[in-house]
Amino acid sequence: MNRFVVAGLIGGFALITACTAKQQEPPTLSHKAVLDAYIAAWNRHDSLAVDTLLTKDGVHEDVPFSIRATAPEGVHTFMHDLIQASPDYVWKITNVVEGDNALAAEWTWTATYTGDSPNGPVTAFKLSGRGASVVELEKGKIKRFSNYYDEASWFPKPPAKDTTKKQD
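Since this is a predicted model, take the numbers as computed values, not measurements.

A. Quick peek at the pairing of strand E6 (residues 141–148). In the sheet, strand E1 (residues 54–62) pairs with E6 via five bridges, with the strands oriented parallel. Residue Asp62 lies in a different strand from E6, and its bridge partner there is Asn147. Here strand E5 (residues 122–138) runs beside E6; their pairing, made up of seven bridges, is antiparallel. Looking at the pairing, Val135 lines up with Phe145 of E6.

Below is the structure:
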């Protein structure tokens, strides 16, 4: 009878050890799943969720605005500033190409923007545009996220005033 008790204890211990080891391993997400979670966190204005998806020294770049934000504080500041300028932004991925430790994504952005623009300050300006991102991953987290887009195309110039007409 003691042999059965000992065997049961050993088997139970082995099972608990195996389960515990499995729980300690984070689930592996596809690169696209990491990207989708990152974009969803930005759309929710959820900086804590963004933190879980970036490496400790991860970088989020917005090339047209010359922003290079390093996690976590720099990315939090960047998100806060973006929310102040465009509180209703919606970022949607439209196409993704995956590689071994990287991916590229095309996206659209819509928002109501208040702040500086290539044509001067604007208030409650409805904008939309397209862009692309290059994302480098390391051990299932984002090491570098770089956005590229033509900022000027998001802010079309107003029509020129006709100066040939005489005013009375």
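B. Examining the pattern of salt bridges more closely. This model, assessed by the stated rule, comprises six salt bridges. Measuring nitrogen to oxygen at the nearest pair gives 2.7 Å for the salt bridge that ties Glu136 to Arg144.

C. Focus on helix H4 (residues 73–85). Helix length check: H4 (13 residues) gives 19 Å between terminal C-alpha atoms against 18 Å at 1.5 Å per residue, within 8%. Buried residues belonging to H4 abut helix H2 (31–44), helix H3 (47–53), E1, strand E2 (67–70) and strand E4 (102–115).

D. Spatial organisation of the packing of aromatic side chains. By the definition in use, this model includes 13 aromatic pairs. Considering the side-chain rings of Trp91 and Phe145, the 5.7 Å spacing of their centres and the 80° angle between planes classify their relative orientation as edge-to-face. Note that Trp91 is positioned in strand E3 (residues 90–98) and Phe145 in strand E6, a separation of 54 residues in sequence. The interplanar angle of 65° and the centroid separation of 5.4 Å between the aromatic rings of Tyr113 and Phe155 together place this pair among those described as edge-to-face. With a gap of 42 residues between them, Tyr113 in strand E4 and Phe155 in the segment after helix H5 (151–154) connect regions that are remote in the sequence. As far as burial versus exposure is concerned, Tyr113 and Phe155 are alike and both buried.

E. Quick look at the nonpolar core. Residues Tyr38, Trp42, Val50, Tyr89, Trp109, Ile142 and Phe145 are the most contacted members of the largest nonpolar core, which totals 35 residues. Breaking this core down by element, the ones donating at least two residues are H2, H3, H4, E4, E5 and E6. Residue contacts for Trp109: discarding those within four places in its chain leaves Leu82, Tyr89, Val90, Trp91, Leu127, Ser128, Gly129 and Trp154.

F. Region of interest: the sheet that holds E3. The strand order across the open sheet formed by six strands is E2-E1-E6-E5-E4-E3, and the pairing between neighbours is mixed. Whereas interior strands pair on both sides, the edge strands pair on one side only; in this sheet they are E2 and E3. Put simply, the sheet's adjacent strands are angled 20° from each other on average, direction ignored. Here E4 pairs with E5 via 13 bridges, running antiparallel. Bridge assignment links Glu106 to a residue of E5, and that residue is Ala132.

G. View of unusual backbone geometry. Backbone torsion omega between Ala71 and Pro72 reads -10°, so that peptide bond is classified as cis. Mapped onto the elements of the fold, Pro72 is located in the loop between E2 and H4. The phi dihedral of Ser66 falls on the positive side, at around 55°, and the residue is not glycine. Topologically, Ser66 is positioned in the loop between E1 and E2. Of note, the phi angle at Lys139 is positive, near 50°, even though the residue is not glycine.

Cut-offs used in this document
- Residues numbered from 1 in each chain as written.
- Predicted model: local features only at pLDDT ≥ 70, side-chain atom pairs only at ≥ 80, totals over all residues.
- Heavy atoms only, no water.
- Pairing = 2+ DSSP bridges.
- Helix = DSSP H or I, 4+ residues; strand = E, 2+ residues; numbered from the N terminus.
- Salt bridge = Lys/Arg side-chain N within 4 Å of Asp/Glu carboxyl O.
- Expected span 1.5 Å × (residues − 1).
- Contact = heavy atoms within 4.5 Å.
- Phe/Tyr/Trp six-rings, centres within 6.5 Å; stacked < 30°, edge-to-face > 60°.
- Buried < 20%, exposed > 50% of the residue type's maximum accessible area, 1.4 Å probe, protein only.
- Core = buried A, V, L, I, M, F, W, Y, C linked by side-chain atoms within 4.5 Å.
- Axes fitted to C-alpha atoms, helices over the stretch in contact; angles between N-to-C directions.

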